[in-house]
Amino acid sequence: MTRHPFDPFSFVLGFMFALLGLYFLVGDRTAADLGVGWIWPVPVLVVGLLATLYGARALRRSREREESSS
Amino acid sequence: MRRMDEDRTPARLEQRAEPTPRRRLRRRVHDRVVAGVCGGLADHFGVSMLVPRVAFAAAAIVVALLFLRAWLGFGPSAIYYDPRLDGLRMLTVTASAIAVLVYLALWVFVPAENQGTSAAGRLRHRLPPASGLRAWLGMLSLVGGGSVFGAQLGLWSVDVVWAFLLIGIGVLLFRRDAERRALDGGRSAVQPEAGVPAWEPSTPELPRERSPLGWLVLGVALLVVSGTAILQNLGAFELRLVRYPALALTVLGAGMVVGAWAGRARWLMLPALLLVPVVLLASLVRVPLVGGVGDRRVDPGSDILPEYRTVLGSIYLDLDALRLTDMDRTIRASAAFGTINVVVPFDAHVRATGRAGLGTVQVGPHPLETGAEVELDTTWEPRFGDGATITLDLATGIGDIWVYRRDPTRRDLRELGIKLSDRELRELGIRPPRSDR
């Protein structure tokens, strides 16, 4: 496997999946313990985080393009 | 930062730099998960591939959950129900079904970027020569006739649909693997038909190293889960159902985290996303996974056992054999995925404990409890007679629990020497005797 520049998309999603898996792997928990109040904000948070990262990256790219053209 | 799953042909990079006319809609051959529809839409509309992928994946999850619910035979009461959300639920289901159909239609009618015609077009070329309209009408009639024939043979049951779906996924994976190998070898596995112009890329694709990380992580996840199951079967430990998908989800998540620095495994997001609802539902199953698969049924003439278990199926216990007796009984029943219905005799004293991971519990006139982690511990005294005491210990993982009482018959009332008014008799479904009128 070759190394490559850090990929935030894989990192954020992977971290969330691993965290969710561990939450149910360790201890005697159920989805009811999470509560409705927690179930919806977390995916929204992840999507928001990804959208922000994606936007920031696109912004940086466009700036780099402008700098290289000028 | 470098975008990983995007195209990297010089032509496309050039397209990004300068505004160019919108690309013709084609399914992607590279960087695809299923049929390349999302990639094609992203190229066509100039948006991130994440947008159509997330939308179609969400729709597929909703449709899969609907099928799962129909397959396991749960009614609307088995899930959290709020009438205020009816409209939203209907909208979600309709939009998801339409999205899945649109995906399938695009798969069939949109050509791949290395082919001149779509799957539907190739199929039409293989059919005997006919005018366009006649050929399509012929195909429509074939599909319609096949559907009606399948319905007559009872092939449209949810079980059969599931089976076809799984076979289809298997065939798809094999085909994709074969196509990928052929593409890596420098040519497409699917050759264009004679006389059909094939689409040829104007610029050569840049060579891209295929990362083994995704398959490695998937393999490790499957090995870990199956190994754990074998150890549990050997009696090494006792695990709840949720541990298995949670274990797989943890491995997939860890693999994606590794993929943030080395290797490429973004596609692991899809199996991980599909696992999330499975983990949430499985976490609600606390009953022992024993008893095999299938329904358990006790009719009035059958022997009554102290225990009934099933993993997948329903349990129906008609305890009328205990009517007008003083044979006290304790009965335990559990269904990991399925409902439990118990009918007690009219004269029985009932002590019932019902637990449902996700569903409804109702014992006689007591208010029903619905939702996640529902538990009810109650007694129910008879209106007539003084019969056996029946202690019920009932549990479901995902499914409802209902306990009813059978009404006494005219003969039962006569045996007990109970006289009721005409109105009370009618309430019990007994026609009042002529002499009483």
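For the structure, see preceding data.
Residues numbered from 1 in each chain as written. Chains lettered and ligands numbered in written order. Predicted model: local features only at pLDDT ≥ 70, side-chain atom pairs only at ≥ 80, totals over all residues. Heavy atoms only, no water.

The next point concerns the overall build of chain A. Along its length, chain A carries 4 helices and 0 strands. Ordered by position from the N terminus, the helices and strands of chain A form the series α-α-α-α. Out of the 70 residues in chain A, the part that is buried amounts to 26%. Accessible area for chain A stands at about 4500 Å²; split by element, carbon and sulfur atoms hold 69% of it. (Helix = DSSP H or I, 4+ residues; strand = E, 2+ residues; numbered from the N terminus. Buried < 20%, exposed > 50% of the residue type's maximum accessible area, 1.4 Å probe, protein only. Areas by Shrake-Rupley, 256 points an atom, 1.4 Å probe, with all protein chains shown as cover.)

Applying the stated rule across the entire model yields 8 aromatic pairs over all chains. Consider the rings of Tyr103 of chain B and Trp107 of chain B, whose centres lie 6.4 Å apart with planes at 80°: the pair is edge-to-face. Of the two residues, Tyr103 of chain B and Trp107 of chain B are both situated in helix α4 (residues 86–109); the distance of 4 residues between them amounts to about one turn of the helix. A relative accessible area of 12% means that Tyr103 of chain B is categorised as buried. Exposure remark for Trp107 of chain B: the relative accessible area of 26% places this residue in the partly exposed category. Taken together through their ring pairs, the aromatic side chains of Phe6, Phe11 and Phe15 of chain A together with Trp261 of chain B make up a single cluster. Here the guanidinium or amino end of Arg29 of chain A rests over the ring plane of Tyr23 of chain A, the centre of that ring lying 4.6 Å away. A cation over a ring is seen here: Arg405 of chain B above Trp380 of chain B, with NZ or CZ 4.4 Å from the ring centre. (Phe/Tyr/Trp six-rings, centres within 6.5 Å; stacked < 30°, edge-to-face > 60°. Lys NZ or Arg CZ within 6 Å of the ring centre and 35° of its normal.)

A word on unusual backbone geometry. Residue and element names in this part refer to chain B. Even without a glycine there, the phi angle at Leu324 is positive, about 55°. You can see Leu324 is positioned in the loop between β3 (315–318) and β4 (329–337). Since its relative accessible area comes to 31%, Leu324 is described here as partly exposed.

A word on the nonpolar core. Leu13, Phe17 and Phe24 of chain A together with Leu249 and Leu252 of chain B are the most contacted members of the largest nonpolar core, which has 37 residues in total. Going through the elements one at a time, α1 (8–25), α2 (31–34) and α4 (41–69) of chain A together with α8 (213–233), α9 (243–259), α10 (269–282), β4 and β8 (389–398) of chain B are the ones with two or more residues in this core. In terms of nonpolar packing, the next biggest core, distinct from the first, is built from 27 residues, Ile315, Val344, Val374 and Leu376 of chain B among them. (Core = buried A, V, L, I, M, F, W, Y, C linked by side-chain atoms within 4.5 Å.)

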